[in-house]
Amino acid sequence: MAEAQQGAQDLTEVDTMTPEGLPGSSSLTTKELQQNWRAVKQRERPVRLLFEIPSTRIVEHVLHKYVLYQVVVMRSGSFDSRRVSVERRYSDFSRFHHKLLEEFDEELEEVQLPRKMLSGNFSPESIGERRLALQDYLAKLYATRCVRHSPCFSAFFTEQEQQRAHGLLRAGQFRPAAELLQTVLDIQEKLLPWQKPTLLVPALAALAVCYRDLDEPERAFSAAQRVLPPVRRYGLTRYRAPLLELLVDLGYQLGRPVAQLQDELTALRDAERGEASSHSLKEVVIQEFL
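Cut-offs applied
Residues numbered from 1 in each chain as written. Predicted model: local features only at pLDDT ≥ 70, side-chain atom pairs only at ≥ 80, totals over all residues. Heavy atoms only, no water. UniProt positions renumbered as here; feature names shortened; annotations may be inferred. Helix = DSSP H or I, 4+ residues; strand = E, 2+ residues; numbered from the N terminus. Buried < 20%, exposed > 50% of the residue type's maximum accessible area, 1.4 Å probe, protein only. Expected span 1.5 Å × (residues − 1). Axes fitted to C-alpha atoms, helices over the stretch in contact; angles between N-to-C directions. Parallel < 35°, antiparallel > 145°, perpendicular 65-115°, else oblique. Left-handed = near helix turned anticlockwise from the far one by under 90°. Contact = heavy atoms within 4.5 Å. Nonpolar A, V, L, I, M, F, W, Y, C, P; charged D, E, K, R; others polar. Polar contact = N/O pair within 3.5 Å; in protein donor to acceptor, adjacent residues only side chain to side chain.

- Per an unreviewed UniProt entry, the protein chain goes by the name Sorting nexin-20 and belongs to Pundamilia nyererei.
- Quoted verbatim from the Subcellular location (unreviewed entry) field of the UniProt record, the comment on the protein chain reads "Early endosome membrane".

Spelled out as C-alpha cells, the structure:
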C-alpha cells in the first residue's frame, strides 16, 4: 500500500515538471504533450541561411548580353516572412569565388564554382542548369564555417546595393536610396549571426540621413537609435558625435528626452576639443563606398 502511494506521488511529481514555456502537464493529454514538445523543439531549431535562385532574366545591350540570377536569402528555424533578393551575374560569382580563394584556398578545395557557359549559349536548359548549380554552390559556401564568417560573404550580397544607394544619396535621391538601403539592411540582419556586430552600422546611418532629409523624423530617430549602441561599444569614433548630434536635434523636434544624449555629446566634444563635431552624419555617410 505504501509503495502504491509512493508510486502515485512520483507520477504526480513527474506530471507537474514541465519545460519552460509549456503549461502544466497534469492538465494535458499525451497527444497534447507531444504537440507542445514539437513546438518547443521547432522554436529551438538552429537558425541557418538558405539560398534560392528561383528565376533569371537575360539583359541585352548593343554589343553583348548576359544573364542575371535572382538570389533570394532566407533564414530557416522559424517562419521568415522577409524574402529579400538581389540580382547577380555569373561574373559577380566568379569575382567572389576568386576573392574567397585568396583567403581560403585549402578550405575550398572541394567547393567548385560552376564552369562558365560557352559564349552565346542562352538556351533555357543551359540557364536552368546553371541556376541550380549556382544555388548549390552558395549552399556549399555557407556550409564552410570560415566562409560564412568572412566579410567577403556578406559583401557579395550587399556591396553593390550599398554602392548604388550611396550614389543615389549623394545625388539627393533619398527615397530610392532608402529603399535600396532597406534591402541591404534586411539581408545583413539575416547574415548578422555569422558576421561582426558592426555590419549594420553603415546602412543604418545612411537610412537615418535619408529619413531626415525626407522629413520623416520618427524613422530617422529610430534608425539612429539602433546604430548608436554598436558605435559606442566598438569605438567607431567617426560616427559617434555626428549620431549624437542628429539624435539630439531629432529628439528636440519630436519632444523626446535628450538630456543624457546632450551630456554625452558635450563630454565627447570636450574630450576631443571640438574635433568630434567637425562633420555631420550626412558628411560621414557620403564618404562611404566612394
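Quick notes on unusual backbone geometry
Reasoning step 1: For Asp 215, which is not a glycine, the phi torsion comes out positive at approximately 60 degrees.
Reasoning step 2: Positionally, Asp 215 belongs in the loop between helix H8 (201-213) and helix H9 (217-233).
Reasoning step 3: Judged by its relative accessible area of 59%, Asp 215 falls in the exposed class.

Let's talk about helix H10 (residues 237-254)
Reasoning step 1: With 18 residues, H10 should cover 26 Å at 1.5 Å per step; its first-to-last C-alpha distance of 26 Å lies within 8% of that length.
Reasoning step 2: Turning to H10, its buried residues are Tyr 239, Ala 241, Pro 242, Leu 243, Leu 244, Leu 246, Leu 247, Val 248, Leu 250 and Gly 251.

Considerations on the environment of Thr 266
Reasoning step 1: If you trace the backbone, Thr 266 turns up in helix H11 (residues 259-271).
Reasoning step 2: A C-alpha to C-alpha distance of 9.8 Å links Thr 266 and Glu 245, two positions 21 residues apart in sequence.

As for the packing of H8 against H9
Reasoning step 1: The contact between H8 and H9 brings their axes to 8 Å, and the two run at 155 degrees. Accordingly, the angle class assigned to the pair H8 and H9 is roughly antiparallel. Seen from above, H8 lies across H9 with left-handed handedness. Along the contact surface, H8 presents Val 201, Leu 204, Ala 205, Leu 207, Ala 208, Tyr 211 and Arg 212, while H9 presents Arg 219, Ala 220, Ala 223, Ala 224, Arg 226, Val 227, Pro 230 and Val 231.
Reasoning step 2: Grouping the constituent residues of the contact of H8 with H9 by class yields 12 nonpolar, no polar and three charged.

A look at the environment of Gln 70
Reasoning step 1: Among the structural elements, Gln 70 can be located in strand S2 (residues 65-75).
Reasoning step 2: Excluding residues within four positions of it along the chain, Gln 70 makes contact with Glu 52, Ile 53, Pro 54, Ser 55, Ser 85, Val 86 and Glu 87.
Reasoning step 3: One polar contact links Gln 70 to Ser 55, side chain to side chain, over a distance of 2.8 Å.
Reasoning step 4: Only 3.2 Å separates the side chain of Gln 70 from the side chain of Ser 85, close enough to count as a polar contact.

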